[in-house]
Amino acid sequence: MPIIERNFFRLLRAGAYGQEEQIEPMSAWKWQQVLLHAQRLGLVPLLHDGIVACRGQFFMRLTDEQQQQWEQDTRKAERRYQQASADVAALLALLGEQQLRPILLEPWTSSCLYPTPSHRRTGMVNIFFPFATQGRKADDWARANGTDADSPNKHTLHYRWQSIGVEHCHRMMTLSNKLNNMTLHGIMEKEWLEGGTSHVNIAHQRIETVAPTLTMLISLLGIFKTTLREGLPLWQLIDLGQQLRQQGDRVDFVKLQTWMERLHFTRMAQLAGTVLTSLLGFTADEVPFMQPADDESDRLANELLHVQSPSRYIRFSPGESLSSMVANITHSLENVEE
């Protein structure tokens, strides 16, 4: 791995997880490349935390201009997060007042696990409604009170409210493979009824969310779905690491492993675990769902920023990879102009 990427991941580990890292010497130009990588991936605040943690080191040398750029980008991200957090809390309060029981899903719930929540990138706010009648009422409310309402499929509604983009979900997660999808819905329904819920605090408001074991399953499946479309998703993998370190003692890993086997995703879990251990500083003991590493997992993990073809992952999840590829091809054909 080139020195720019080595220092990039050192700063990321120091900023996201508070790990002690030793920075290698680089030129001002190479430090600028680290900044450009961080800006492209939305990771400036976390790497800035790493810079602060390593600032006493002899080789941690940025120009005054570079220091100012890191600070400026971080402050902007903090302001965006604070505004979005206030809007998330206000929206969920409004929906709750109408007895619609909104359940906040990933990735917003993971922000609360970070040392500085405002340094987690903001994004679409995913809200789950466990009962169909409430979900329909929530969609009607969103069409009347939000803007740019659009329903990409029968299970979701997208719209904007204040400063945030919102997705109403009538399923916590769906998969392309029909058999896997049926199995997943059975798992989620049973766990939802038996496993209870959890809560997070956002903008001083207590908000209902999914219990840690089911949250980790959803996070892993979310990583797999993004991987099949775009390549390994660094942000989601960082979130997974926070869940393991901050909530791992509340996760039933025996149950999680059983679910992964039923869904045929154990190899993809292996790939996620390999990224955590090879790039993000985790030990194998910290990743209970991980099996002994193999050469293919190591190779793909080290190509994290470059791998983007779903076909590369067929051996890790054949059914879902092929289903995703077929869906992508079908979607492409449907959008070809006659």
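Here, the structure is the one placed above.
Here's what I pulled together on the structure shown here.

Here is what the cut-offs are and how they apply
Residues numbered from 1 in each chain as written. Predicted model: local features only at pLDDT ≥ 70, side-chain atom pairs only at ≥ 80, totals over all residues. Heavy atoms only, no water. Core = buried A, V, L, I, M, F, W, Y, C linked by side-chain atoms within 4.5 Å. Buried < 20%, exposed > 50% of the residue type's maximum accessible area, 1.4 Å probe, protein only. Helix = DSSP H or I, 4+ residues; strand = E, 2+ residues; numbered from the N terminus. Contact = heavy atoms within 4.5 Å. 1 Å grid on protein atoms, 1.4 Å probe; cavity = no way out; pocket = protein on both sides within 12 Å on 5 of 7 lines; lining within 4 Å. Points joined across faces, edges and corners; volume = space filled by probe spheres on them. Nonpolar A, V, L, I, M, F, W, Y, C, P; charged D, E, K, R; others polar. Pairing = 2+ DSSP bridges.

**Let's talk about the nonpolar core**
A general tendency of soluble globular proteins is for nonpolar side chains to be buried together. Of all hydrophobic cores here, the largest spans 71 residues; its most connected members are Phe8, Leu12, Leu43, Leu217 and Ile238. For this core, the secondary structure elements donating two or more residues are helix H1 (3–17), helix H2 (28–41), helix H3 (44–54), helix H7 (178–195), helix H8 (212–230), helix H9 (234–247), helix H10 (253–262) and helix H11 (266–278). The element best represented in this core is H1, accounting for nine residues. In this structure, Leu43 is in contact with Phe8, Leu12, Ala38, Leu234, Trp235 and Ile238, ignoring residues within four places of it in sequence.

**Quick word on the layout of surface pockets**
In this structure, the largest pocket spans a volume of roughly 1,700 Å³. In this structure, the largest pocket is lined by 49 residues; those nearest its centre are Gly222, Lys225, Thr226, Arg229 and Gln236. Taken together, the elements giving at least two residues each to the lining of the largest pocket come down to H2, strand E3 (147–153), strand E4 (156–161), strand E5 (164–169), H7, H8 and H9. Of all the elements, H8 adds the most residues to the lining of the largest pocket, at eight residues. Split into classes, the residues belonging to the lining of the largest pocket amount to 20 nonpolar, 17 polar and twelve charged. Its boundaries defined by the atoms lining it, the second largest pocket holds a volume of some 310 Å³.

**Considerations on the pairing of strand E7 (residues 205–210)**
Sheet topology places strand E6 (residues 197–202) next to E7; six bridges connect them, and they run antiparallel. The residue of E7 that forms the bridge with Thr197 is Val210.

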